[in-house]
Amino acid sequence: MIYLTFAIVICVAIVQITAFMREAQAVRDFPPEGRLLNVTGRQVHAVVMGTGPDLVLIHGASGNTRDMTFSLAPRLAKRYRVIVFDRPGLGYTERLNSTGATLLQQATLLRAAAQQLGARRPIVMGQSYGGAVALAWAAHYPDDVAALIPVAAASNPWDTPLSTFYRVTSSRLGQVLLVPLITAFVPKSVVETAVEAVFDPQNAPHGYAEHVGAALTLRRVSLRANADQRANILSEIEGLLSLYGNITAPTEIVHGTADTTVGLQIHSAKLVEQIKGATLTPLPGIGHMAHHSAQDGVVAAIDRAARRSGL
């Protein structure tokens, strides 16, 4: 028995040390791109570039600022003051709690961070999960959003169950046992395959996988935060539905017709009817990552929203 206990302790130590070393390497390879703010006692990572009307970009699940800074933010910085945030628990923004930061908690933190940077009433664009955060921001703080651009945003309830991966990694046992194993031993090829899959039916842009810093998401804190957020989002969307009528900002919704991750008909086709004055731009044949695969369409929607808001 003593030998078995000793073997278990050694295995656990190997996993934890390997996980720590891979996390340290991820930080060395993909350091913060911007500044680290102290917002109500929490660390928030923000990248700021350009001049013009304030525009906040919010990334989706498993992402970080690098998803937006690959090409979209630099392009928009030619005529906007672009602010890109890491969401709580991802990238270099501190995790808010151990149960999964709610959409409202995330929106409240990012709103406070934007105000700290002098953006009291920014245009807000969010993609996928980030689109749900943007909707929560606009619904709970309607006077603090100049215009709203949900891109492939999760916005309405769905009936497919949570995937096995997220059921396990959001469980207490999975977070203790499985998450460190993923951090320690998942090969780079698995991450690259996952990146390619989210772009389907398009391919990821050349250089995207090298830029985006997926290794940051494989850190234990980020795997746990992301899993908790994914496990909780459906019930939070159900609670957010009744507040869409509060949204007063000019709203330009963008969604690819070939998106199988967040389906257009389930989400944006309904959302356009739930927000007064909203418009929907379907992007034919485009998948989930429209802000890369059909960037012209997303930029045009941001410009239209800015014009509608008088900016």
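Look a little higher up for the structure.
Basis of the calculations
- Residues numbered from 1 in each chain as written.
- Predicted model: local features only at pLDDT ≥ 70, side-chain atom pairs only at ≥ 80, totals over all residues.
- Heavy atoms only, no water.
- Helix = DSSP H or I, 4+ residues; strand = E, 2+ residues; numbered from the N terminus.
- Rg over C-alpha atoms; globule rule 2.2 N^0.38 Å.
- Contact = heavy atoms within 4.5 Å.
- Areas by Shrake-Rupley, 256 points an atom, 1.4 Å probe, with all protein chains shown as cover.
- Lys, Arg positive; Asp, Glu negative; His and termini not counted.
- Charge placed at Lys NZ, Arg CZ, Asp CG, Glu CD.
- Polar contact = N/O pair within 3.5 Å; in protein donor to acceptor, adjacent residues only side chain to side chain.
- Buried < 20%, exposed > 50% of the residue type's maximum accessible area, 1.4 Å probe, protein only.
- Pairing = 2+ DSSP bridges.
- Right-handed = clockwise from strand over helix to strand, strands pointing away.
- Core = buried A, V, L, I, M, F, W, Y, C linked by side-chain atoms within 4.5 Å.
- Axes fitted to C-alpha atoms, helices over the stretch in contact; angles between N-to-C directions.
- Parallel < 35°, antiparallel > 145°, perpendicular 65-115°, else oblique.
- Left-handed = near helix turned anticlockwise from the far one by under 90°.
- Nonpolar A, V, L, I, M, F, W, Y, C, P; charged D, E, K, R; others polar.

1. Considering the overall build of the protein
When you go through the protein residue by residue, the secondary structure sums to 14 helices and 8 strands. Taken over the C-alpha trace, the protein has a radius of gyration of 19 Å; the compact-globule value for 311 residues is 19 Å, and the two agree within 12%. Summarising its shape, the C-alpha atoms of the protein cover approximately 70 × 40 × 40 Å along the three principal directions. Counting contacts in the protein only where the partners sit at least 6 residues apart, residues at least 24 apart contribute 78% of the total. Summed over all atoms, the accessible surface of the protein reaches about 13400 Å², with 60% contributed by carbon and sulfur. Averaging the coordinates of the 26 positive side-chain charges in the protein and doing the same for the 22 negative ones gives two points 5 Å apart.

2. Examining the side chain of aspartate 67
By the element assignment, aspartate 67 lies in helix H2 (residues 65-69). A distance of 2.5 Å separates a polar atom in the side chain of aspartate 67 from a polar atom in the side chain of tyrosine 208. Within polar-contact distance, the side chain of aspartate 67 engages the side chain of histidine 292 at 2.9 Å. Those residues in contact with aspartate 67, other than ones at most four positions away along the chain, are His59, Tyr208, Val212, Met289, His291 and His292.

3. Quick look at the pairing of strand S5 (residues 123-127)
The buried fraction of S5 is high, at 5 of 5 residues. Covered by surrounding structure in S5 are Ile123, Met125 and Gln127 together with Val124 and Gly126, the residues of both alternating faces. Sheet topology note: the strand S3 (residues 54-58)/S5 ladder contains 4 bridges and is parallel. Residue pairing in the sheet places leucine 57 in a bridge with methionine 125 of S5. Sheet topology places S5 next to strand S6 (residues 147-151); 5 bridges connect them, and they run parallel. Considered in S6, the bridge of glycine 126 is made with proline 150. With respect to chirality, the unit in which S5 leads through helix H5 (residues 129-140) into the neighbouring parallel S6 is right-handed.

4. Let's talk about the environment of histidine 59
With respect to the secondary-structure elements, histidine 59 resides in the loop between S3 and H2. With residues near it in sequence (within four places) discarded, histidine 59 still touches Asn64, Thr65, Asp67, Met68, Phe85, Asp86, Arg87, Leu90, Gln127 and Gly130. A distance of 2.9 Å separates the side chain of histidine 59 from the backbone nitrogen of arginine 87, its partner in a polar contact.

5. Focus: the environment of glycine 130
Note on placement: glycine 130 falls in helix H5. Look at glycine 130 and you get buried, because its relative accessible area is 0%. Setting aside its immediate chain neighbours within four residues, glycine 130 contacts Ile58, His59, Gly60 and Arg87.

6. Section: the nonpolar core
The nonpolar side chains of soluble globular proteins are, as a tendency, buried together. Grouped together as the largest cluster of nonpolar side chains are 43 residues, with contacts concentrated most on Phe85, Leu103 and Trp137. Setting aside residues up to four positions removed in sequence, tryptophan 137 forms contacts with Val56, Ile58, Ala107, Leu110, Arg111, Ala114, Pro122, Val124, Pro142, Asp144 and Val145. In this structure, Tyr80, Ile149, Leu283 and Ala290 belong to the second largest nonpolar core, which totals 28 residues.

7. Side note on the side chain of glutamine 202
One can find glutamine 202 in the loop between helix H8 (188-199) and helix H9 (208-212). Within the structure, the side chain of glutamine 202 is placed 2.8 Å from the backbone oxygen of glycine 285, a separation counted as a polar contact. Of note is the side chain of glutamine 202, whose polar atom sits 2.9 Å from the backbone nitrogen of glycine 287.

8. Some thoughts on the packing of helix H1 (residues 2-29) against helix H7 (residues 172-185)
Across the interface, H1 lies against H7 with an axial gap of 8 Å and an inter-helix angle of 55 degrees. Judged by the inter-axis angle, H1 sits oblique to H7. For the crossing formed where H1 meets H7, the hand is left-handed. Here Val15, Gln16, Thr18, Ala19, Arg22 and Glu23 of H1 lie close against H7, whose contacting residues are Pro180, Leu181, Ile182, Thr183, Ala184 and Phe185. Among the residues forming the contact of H1 with H7, the class breakdown is 7 nonpolar, 3 polar and 2 charged.

Any functional reading would require information that these geometric values do not contain.
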